[in-house]
Amino acid sequence: MISEKRILLILGVLLSVGLILFLPSCNQEIFIGHDIKNSDLYLLDVEQMNGTDSHSIELQAGAMLAVHFETVKGSMHMEISAPDESCLYAGNGKGVTEFTLNISESGTYFISVEAYHAKGIIQVQRKEERN
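Residues numbered from 1 in each chain as written. Predicted model: local features only at pLDDT ≥ 70, side-chain atom pairs only at ≥ 80, totals over all residues. Heavy atoms only, no water.

1. Considerations on the pattern of salt bridges
Our working rule: When a carboxyl oxygen of Asp or Glu lies within 4 Å of a side-chain nitrogen of Lys or Arg, that pair is called a salt bridge. A helix here means a DSSP run of H or I that spans at least four residues, while a strand means a run of E at least two residues long, and both kinds are numbered starting from the N terminus.
A complete count under the given rule lists 3 salt bridges for this structure. A salt bridge links R126 to D40, with the shortest nitrogen-to-oxygen separation between them at 2.7 Å. Note that R126 is positioned in strand β6 (residues 107-127) and D40 in the loop between β1 (30-37) and β2 (41-59), a separation of 86 residues in sequence. Of the charged contacts in the structure, one is a salt bridge between E47 and K119, with a shortest N-O distance of 3.8 Å.

Below, the structure written as structure tokens:
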């Protein structure tokens, strides 16, 4: 008959192995949803996301970016940076979910997203130049 100590030891080893195999998969990069990345639009319609994503858009001074950003579940953080690397926007998609950014400098604008167990939507779209 197997002793109680031996059974506990075996169960402890099995539990440890299970945790070692399971825990890394909890933070594994994943994207389930729909995305569009082109010269006028960056869209992430997220059903489930862990990890990061990015896109760059070439803009002229006077253009505008219409932004819709809403986090439904988990956490998402988005930053939009100007060509000089200054931050035009940084937020989490809670509170104000729609706004417009006026572009004052021509160049490449960089959008970066970090998500953790997230569901939501990010849409950054170029709009016509102001008159």
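2. What to know about the packing of aromatic side chains
Our working rule: Only centres within 6.5 Å qualify two rings of Phe, Tyr or Trp (six-membered ring in Trp) as a pair; their planes then separate them into stacked at under 30 degrees, edge-to-face at over 60, and tilted for everything else. Any residue under 20% of the maximum accessible area for its type is buried, any over 50% is exposed, and the rest in between are partly exposed; the area is computed with a 1.4 Å probe on protein chains only.
Applying the stated rule across the entire model yields 1 aromatic pair. Between Y89 and F99 the ring centres are 4.7 Å apart and the planes differ by 35°, which places this aromatic pair in the tilted class. One end of the pair, Y89, is in strand β4 (residues 87-91); the other, F99, is in strand β5 (residues 98-102), with 10 residues separating them in the sequence. Judged by relative accessible area, Y89 falls into the buried class, the value being 15%.

3. Quick look at the nonpolar core
Where we set the bar: The definition of a nonpolar core used throughout is a set of buried Ala, Val, Leu, Ile, Met, Phe, Trp, Tyr and Cys residues joined through side-chain atoms within 4.5 Å. Note on definitions: a residue-residue contact is assigned when non-hydrogen atoms from the two residues lie within 4.5 Å.
Counting residues in each nonpolar core, the largest one holds 25 residues, and the members touching the most others are V67, M78, I80, I122 and V124. When residues of this core are assigned to their parent elements, the largest contribution, 7 residues, is made by β6. Once residues lying within four places of it in the same chain are set aside, the contact partners of I122 are Y42, L43, L44, H68, F69, M76, M78 and V113.

4. Digging into unusual backbone geometry
The residue E85 is not glycine, and still its phi comes out positive at about 75°. Following the sequence through the fold, E85 ends up in the loop between β3 (64-81) and β4. Residues other than glycine seldom take positive phi values, yet H117 does so here, at roughly 50°. Here H117 is to be found in strand β6.

5. Describing a nonpolar patch on the surface
Condition: Note that patches include only residues with greater than 30% relative accessible area and no salt bridge, and the join distances are 9 Å for like charges and 5 Å for nonpolar side chains (Val, Leu, Ile, Met, Phe, Trp, Tyr). Here, Shrake-Rupley sampling with a 1.4 Å probe gives the accessible areas, and only protein chains in the shown set may cover a residue.
Residues I7, L8, I10, L11 and L14 make up a contiguous nonpolar surface patch of about 480 Å² in total accessible area. Within the fold, I10 resides in helix α1 (residues 4-26).

6. Topic: the environment of T97
Assignment of secondary structure puts T97 in the loop between β4 and β5. Expressed as a C-alpha distance, the spacing of T97 and I121, which sit 24 residues apart in the sequence, is 9.7 Å. Leaving out residues up to four positions away in the same chain, T97 has contacts with V67, H68, F69 and E70.

7. Re the side chain of S81
Considering the arrangement of structural elements, one finds S81 in strand β3. Classification of S81 as buried rests on a relative accessible area of 15%. For S81, the contacting residues outside a window of four places in its chain are S86, C87, L88, T108, Y109 and F110.

8. Concerning the side chain of T71
Threshold: N or O atoms closer than or at 3.5 Å make up a polar contact, with two conditions inside protein: a donor-capable atom paired with an acceptor-capable one, and, for residues adjacent in sequence, both atoms drawn from side chains.
Its location among the elements puts T71 in strand β3. Judged by its relative accessible area of 10%, T71 falls in the buried class. Separated by 2.7 Å, the side chain of T71 and the backbone oxygen of N92 make a polar contact.

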